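Structure at a glance
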Amino acid sequence: DAGVTQSPTHLIKTRGQHVTLRCSPISGHKSVSWYQQVLGQGPQFIFQYYEKEERGRGNFPDRFSARQFPNYSSELNVNALLLGDSALYLCASSLVAGAPATNEKLFFGSGTQLSVL
Amino acid sequence: AQSVTQPDIHITVSEGASLELRCNYSYGATPYLFWYVQSPGQGLQLLLKYFSGDTLVQGIKGFEAEFKRSQSSFNLRKPSVHWSDAAEYFCAVVTLVQGAQKLVFGQGTRLTINP
């Protein structure tokens, strides 16, 4: 079975541009979470979606938005890119919204490396 | 707010030596704690987790961790490391934000293995 897939794997943008990152969860998983990992730091929570509804949002500006589609795939959008948005963006999927605080695991993709010049 | 601290940014050990990676948490109640490993260019893989019960938790790849409430610690151990263990290791705690379960990660410990 395919794991969590993210596209593209690498992306280079310039300041002020807009970017869309995509995530396909494991088949049957209805929850998708997004994390930002800046070089040298641990991942930080951005969003969680479950059944196409936003369930939680981290401390990120409104330039960051996301959505989940009927097939449970998800997009993360970032507007007006700043140099500080350069990071690895990780998507994670799970069967239920309550993971990881349940016996259901959270499965991470390999991420999209975004560089803002 | 719930948080975890990993005091060691970088650790180097020799292949075959024992390993202990430190993690301290800040949480009022019994925390849900995790250790993840990240190899270069890869996502995060769960090594083990602690919810309750036995304070010594066994994980994959020969890793174990011990929950010590008195020390607010959840240190990761392995008796004998292999070159393939070289990676970044993250300790994390679950917290609730607007009804969603999210992971709060430490800054990570980079493990280098000397041959």
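Structure: see above.
Residues numbered from 1 in each chain as written. Chains lettered and ligands numbered in written order. Predicted model: local features only at pLDDT ≥ 70, side-chain atom pairs only at ≥ 80, totals over all residues. Heavy atoms only, no water.

A few points about the environment of Thr109(B)
Residues and elements named next belong to chain B. Locating Thr-109 in the fold gives a position in strand β12 (residues 109–114). In this structure Thr-109 comes out as buried when scored by relative accessible area, which is 1%. A C-alpha to C-alpha distance of 6.8 Å links Thr-109 and Gln-6, two positions 103 residues apart in sequence. Each residue touching Thr-109, except ones within four places of it in the same chain, is listed here: Gln-6, Asp-8, Ile-9, His-10, Ile-11, Leu-21, Ala-87, Glu-88 and Tyr-89. A polar contact is formed between the side chain of Thr-109 and the side chain of Gln-6, at a distance of 3.4 Å. (Helix = DSSP H or I, 4+ residues; strand = E, 2+ residues; numbered from the N terminus. Buried < 20%, exposed > 50% of the residue type's maximum accessible area, 1.4 Å probe, protein only. Contact = heavy atoms within 4.5 Å. Polar contact = N/O pair within 3.5 Å; in protein donor to acceptor, adjacent residues only side chain to side chain.)

Some remarks on the state of the cysteines
Summed over the entire model, instances satisfying the criterion amount to 2 disulfides over all chains. Paired by a disulfide, Cys23(A) and Cys91(A) hold their sulfur atoms 1.8 Å apart. On the sign convention where negative is left-handed, the bridge of Cys23(A) and Cys91(A), at about -65 degrees about the S-S bond, is left-handed. With Cys23(A) in strand β3 (residues 19–24) and Cys91(A) in strand β9 (residues 87–94), this residue pair connects regions lying 68 residues apart in the sequence. Across the pair, Cys91(A) and Cys23(A) agree in class, each one buried. Here Cys23(B) pairs with Cys91(B) through a disulfide, and the sulfurs are 2.0 Å apart. Between Cys23(B) and Cys91(B), the S-S dihedral sits near -65 degrees, and the bridge is therefore left-handed. Of this pair, Cys23(B) sits in the loop between β3 (19–21) and β4 (24–26) while Cys91(B) is found in strand β10 (residues 87–97), placing the two residues 68 residues apart along the sequence. For the pair formed by Cys23(B) and Cys91(B), the shared burial category is buried. (Disulfide = S-S within 2.5 Å.)

A look at the interface of chain A and chain B
The interface of chain A with chain B comprises 26 residues on the first partner and 23 residues on the second. Around 1,800 Å² of area is buried between chain A and chain B when both sides are counted, 58% of it from carbon and sulfur atoms. Where chain A packs against chain B, one counts 0 salt bridges. If you list the elements that add at least two residues to the side of chain A that touches chain B, you get β4 (31–37), β5 (44–50), β6 (53–57) and β9 of chain A. Sort the elements by how many residues they give to the side of chain A that touches chain B and β6(A) lands first, with 4 residues. In terms of residue class, the side of chain A that touches chain B is built from 11 nonpolar, 11 polar and 4 charged. (Buried area = accessible area lost by both parts, 1.4 Å probe. Salt bridge = Lys/Arg side-chain N within 4 Å of Asp/Glu carboxyl O. Nonpolar A, V, L, I, M, F, W, Y, C, P; charged D, E, K, R; others polar.)

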